[in-house]
Structures are given as structure tokens and as C-alpha cells.
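Structural overview for review
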Amino acid sequence: MSVLPLVFTSGWASGINAYAVVLLLGLLGTAGVTDDVPASLQRPDVLIVAGVLFLVEAIADKVPYVDSVWDAVHTVVRPVAGGVVAALLAGHDGSLPELAAGAVGGSTALLSHLVKAGTRIAVNTSPEPASNIVLSLLEDLGVAGIVVFAVFHPVIAASLAALLLLTGIVVIVMLWSRIRRYLRRRRARREEKRLAAAGAGVPPAG
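Treat the numbers as computed from the prediction; the structure is a model and nothing was measured. (Residues numbered from 1 in each chain as written. Predicted model: local features only at pLDDT ≥ 70, side-chain atom pairs only at ≥ 80, totals over all residues. Heavy atoms only, no water.)

Notes on the overall build of the chain
Broken down by element type, the chain carries 6 helices and 0 strands. Within the chain, the fraction of its 206 residues that count as buried is 43%. Considering only intrachain contacts with a sequence separation of at least 6, the fraction spanning at least 24 residues in the chain is 72%. (Helix = DSSP H or I, 4+ residues; strand = E, 2+ residues; numbered from the N terminus. Buried < 20%, exposed > 50% of the residue type's maximum accessible area, 1.4 Å probe, protein only. Contact = heavy atoms within 4.5 Å.)

As C-alpha cells, then:
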């Protein structure tokens, strides 16, 4: 079970920024910092794709409302990436069945993704963009720091990831009323546009 802490931490981090996780683990493995990273994550094509997508996410994640759209698109991508990375780590180590590792990584990634997406919805109720930028930078730095730390101190890093995940869930529960109001207003605006388009004889978009 020695790989489980790294699996859990990579799953948590993947739910926030899956491309950063793949890029960081691949670079650490390529540089010879750790032997725990499988060769498939160190391939040049994987690193290039992960690097490009990381840059795209770094921009999209800092723009109000665009970040929520990006999160919606990645509701499937991040958990899948978390599960795949976890399974690869377990397969490389051989101490945890790949299916079990994939389940741990994927489910943890899904939980952290939902926390991130919910937090962004709450932040987007504020009209200024500074909070989005600050929050995105904190997420990027947090993911980078905890992934690198997990390579050297996996148990402590997993404990920190668990604490951050639990704290995030508590925050979402506290902000749930604000998130629900935002979603209700967004549905109302869509309905108004649909009715306006129907009244003008224009087929509604989408």
C-alpha cells in the first residue's frame, strides 16, 4: 500500500489541474528526481501536450465565467485523468491493484473538482476579476507544491491533501446558498433569452 498516499495526492491535485499534475510528474521523472513516475508519463509527446494544455488552462482559469465553463467541460476530464495517473502509478509500483488505485484517484479527483467548480461559481458572483486571478494562482501554486512534496514525503502530502479537500467541502457547504442563487439566476436568464427569441421568431441558440 506504499503508493496509496501518492495516488490520493495526485487524485486531489488532478481535480484542480490535471495537466499540471501530468506535466510535473513527467518532468520529475525525466529529471531523475524520482523513480516512482512511470515511463508513459515521461514521454516527450505527453509532456508537450500537457504543457500546452496547462498554459491554456492557466489563462482560461483566471477569466471570470470562462473559468466556470472550463470547469464544466472538465467535469469528466479531471476525474478520468486522476484515475489514469493513479492506475499508472500503482502499476509502476505494483503494491496496489490498478483498478483500486484508479478508483481512489478518480473519485478523489472528482471531489476536488466539484469543490473547485463550486468555489469558482461563488467567486463569480463578485463583479471584479481580481479574486479569480488570485484564487487561480493559489490553486496552481498549491498543486505544484503538494505534488513535488508528495514525491519526497507522500504520507504528509496525502494528509495535507485530505485536509484541503475536507476544508474545501466545508467551504462549499457554507457557500451553497450563494451558489444556488447564482445557478437560479443563470437559469432565469437563459429562460428569458429563450422566450425573447421565441417571441421574435428566432430559434433559440443551442
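There is more to say after this.
Topic: the environment of Ala87
Its place among the elements puts Ala87 in helix α3 (residues 66-93). The sequence separation of Ala87 and Val104 amounts to 17 residues, and the corresponding C-alpha distance is 9.1 Å. The residues contacting Ala87, other than those within four sequence positions of it, are Glu98, Ala101 and Gly102.

With respect to the packing of helix α1 (residues 4-30) against helix α4 (residues 98-123)
For any two helices packed against each other, one specifies the inter-axial angle together with the distance between the axes. Their axes nearest at 7 Å, the elements α1 and α4 cross at an angle of 35°. Between α1 and α4 lies a crossing of right-handed hand. Contacts between α1 and α4 pair Leu4, Val7, Phe8, Gly11, Trp12, Ser14, Gly15 and Ile16 from the former with Ala101, Val104, Gly105, Thr108, Ala109, Ser112, His113 and Lys116 from the latter. The residue inventory of the contact of α1 with α4, partitioned by class, reads 8 nonpolar, 7 polar and 1 charged. (Axes fitted to C-alpha atoms, helices over the stretch in contact; angles between N-to-C directions. Left-handed = near helix turned anticlockwise from the far one by under 90°. Nonpolar A, V, L, I, M, F, W, Y, C, P; charged D, E, K, R; others polar.)

A closer look at a positive patch on the surface
A contiguous patch of positive charge on the surface is contributed by Arg178, Arg180, Arg181, Arg184, Arg185, Arg187, Arg189, Arg190 and Lys193. Note that Arg181 resides in helix α6 (residues 154-199). Look at Arg181 and you get partly exposed, because its relative accessible area is 40%. (Patch = residues over 30% accessible without salt bridge, like charges linked within 9 Å, V, L, I, M, F, W, Y side chains within 5 Å. Areas by Shrake-Rupley, 256 points an atom, 1.4 Å probe, with all protein chains shown as cover. Salt bridge = Lys/Arg side-chain N within 4 Å of Asp/Glu carboxyl O. Lys, Arg positive; Asp, Glu negative; His and termini not counted. Charge placed at Lys NZ, Arg CZ, Asp CG, Glu CD.)

A look at the pattern of salt bridges
Within the structure shown, the criterion is met by 10 salt bridges. A salt bridge links Glu139 to Arg120; the nearest nitrogen and oxygen atoms lie 2.8 Å apart. Taken together, the positions of Glu139 in helix α5 (residues 130-152) and Arg120 in helix α4 put the pair 19 residues apart, joining distant regions of the chain. Here Glu139 and Arg120 have matching classes, each one buried. Linked through salt bridges whose partners overlap, the residues forming this network are Glu57, Asp61, Asp67, Asp71, Arg78, Lys116, Arg120 and Glu139.

Some thoughts on the packing of α4 against α5
Between α4 and α5, the least distance of the axes is 10 Å, while the angle of their chain directions is 160°. In terms of axis orientation, α4 runs roughly antiparallel to α5. Considering the relative orientation of α4 and α5, their crossing is right-handed. Taking contact as the criterion, the partners of Lys116, Thr119, Arg120 and Val123 in α4 are, on α5, Ser131, Asn132, Leu135, Ser136 and Glu139. Considering only residue class, the contact of α4 with α5 consists of 2 nonpolar, 4 polar and 3 charged. (Parallel < 35°, antiparallel > 145°, perpendicular 65-115°, else oblique.)

Here's the deal with the nonpolar core
The biggest cluster of nonpolar side chains holds 35 residues, and the ones touching the most others in it are Trp12, Leu25, Val143 and Val147. At the level of secondary structure, the elements contributing two or more residues to this core comprise α1, α2 (44-60), α3, α4, α5 and α6. Leaving out residues up to four positions away in the same chain, Trp12 has contacts with Thr108, Ser112, Ile146, Ala161, Leu164 and Leu165. (Core = buried A, V, L, I, M, F, W, Y, C linked by side-chain atoms within 4.5 Å.)

Points about the environment of Thr119
Within the secondary structure layout, Thr119 lies in helix α4. For Thr119, a relative accessible area of 17% translates into the label buried. Along the backbone, Thr119 and Leu135 are 16 residues apart, and their C-alpha atoms lie at a distance of 9.4 Å. Ignoring any residue separated from it by four or fewer positions in sequence, one finds Thr119 in contact with Leu135 and Ile172. Of the polar contacts made by the side chain of Thr119, one reaches the backbone oxygen of Val115; its length is 2.7 Å. (Polar contact = N/O pair within 3.5 Å; in protein donor to acceptor, adjacent residues only side chain to side chain.)

Structural notes on α2
For α2, with 17 residues, the first-to-last C-alpha span of 24 Å sits near the 24 Å given by 1.5 Å per residue. Every buried residue of α2 is listed here: Leu47, Ala50, Gly51, Glu57, Ala58 and Ala60. (Expected span 1.5 Å × (residues − 1).)

Regarding the side chain of Ser68
Along the chain, the position of Ser68 falls in helix α3. With relative accessibility at 11%, the residue Ser68 sits in the buried group. Setting aside anything within four residues of it in sequence, one finds Ser68 in contact with Arg120, Ile121 and Asn124.

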